[in-house]
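Residue-level structure breakdown
Given next are the chains, with one letter for each unit.
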Amino acid sequence: MLFVDSKEGRIRQMGIGPTVVESVAAVVVSVIAILLILCIINGYRIDNLKAEREANMKEIENQSAQILELQEENADLISLREELTDKVTILSDTINQKVEEEEALEQERAQAHMPMGFPMSSSASLAEAGGDDPLVKLNGSVGSSIIASADGTVISVTTDSSYLHCIKIDHGNGYNSIYRNDGDVMIKEGDEVVRGAILYVIGEDNTELGYQITYDERYIDPMDLINIDG
């Protein structure tokens, strides 16, 4: 290695020993090795980052596909819910209508079993008889009929101390109606009768009806229930 002496203007030669050269070479090799290792490590890191990014992209794509699928399912569920809501509304309206119809029928049945009907098929004179057990006497015209004042079941057909026959009808609600007349009985015990069913046909000898009503086996005044206009 040559050096120029600035003071003397002479050129000097300095030698470098093999030890220094070997040391420098070793340092250079070490630096290159370190750089190579760092490059390799960075390469691995870069590859890992790329792999992670690709995995993340695939995960994002999968999540996006799942989100889209869930959105479609949600739309289908909303449509199904609306359809079911409409059906429930229709069914509810139908049920409410049926309930109202049943309630109306039940009221009609209950009304039909109340002994409020006039027990003669035509007009008749009326008189209340005294005594502990309220009784109404009705005199009808020949050819008309004595009829049931409400729906019920004939629970007895017996003889009577004041009249020839006595019919008792149970209306199924605590009320019983009792018909006393001298005519031939047109029904029998156990028959189901409706309001207006003929119990006796009025002839010359049986124009009078003795009519009574009991509630829970206690006599009540028939006039409290009889619908004179009916």
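Residues numbered from 1 in each chain as written. Predicted model: local features only at pLDDT ≥ 70, side-chain atom pairs only at ≥ 80, totals over all residues. Heavy atoms only, no water.

A few points about a nonpolar patch on the surface
A cluster of nonpolar side chains, Val-27, Val-31, Ile-34, Leu-35, Ile-37, Leu-38 and Ile-41, forms an exposed patch at the surface whose accessible area comes to about 600 Å². Structurally, Ile-41 is set in helix α1 (residues 18-112). (Patch = residues over 30% accessible without salt bridge, like charges linked within 9 Å, V, L, I, M, F, W, Y side chains within 5 Å. Areas by Shrake-Rupley, 256 points an atom, 1.4 Å probe, with all protein chains shown as cover. Salt bridge = Lys/Arg side-chain N within 4 Å of Asp/Glu carboxyl O. Helix = DSSP H or I, 4+ residues; strand = E, 2+ residues; numbered from the N terminus.)

Here we look at the pairing of strand β7 (residues 165-170)
Pairing geometry for strand β6 (residues 152-159) and β7, over six bridges, is antiparallel. For Val-154, the partnering residue across the bridge sits in β7 and is Ile-169. Counting the residues between successive antiparallel strands, the hairpin from β6 to β7 contains five residues. Note that β7 and strand β8 (residues 175-181) share six bridges and pair antiparallel. Counted as the bridge partner of Lys-168 is Ile-178 from β8. The hairpin turn running from β7 into β8, its antiparallel successor, is four residues long, and Gly-172 in that turn takes a positive phi close to 75°. (Pairing = 2+ DSSP bridges.)

Quick look at the packing of aromatic side chains
When we look at a pair of aromatic rings, we describe it by the centre distance and by the angle of the planes. Taken as a whole and assessed by the stated rule, the structure comprises two aromatic pairs. Taken together, a centroid distance of 4.5 Å and an interplanar angle of 40° make the contact between Tyr-175 and Tyr-215 tilted. Of this pair, Tyr-175 sits in strand β8 while Tyr-215 sits in strand β11 (residues 208-215), placing them 40 residues apart in sequence. The exposure class assigned to Tyr-215 is partly exposed, which follows from its relative accessible area of 34%. Aromatic side chains Tyr-179 and Tyr-211 sit 5.3 Å apart centroid to centroid with 50° between the ring planes, which places their arrangement in the tilted category. With Tyr-179 in strand β8 and Tyr-211 in strand β11, this pair connects stretches of sequence that are 32 residues apart. (Phe/Tyr/Trp six-rings, centres within 6.5 Å; stacked < 30°, edge-to-face > 60°. Buried < 20%, exposed > 50% of the residue type's maximum accessible area, 1.4 Å probe, protein only.)

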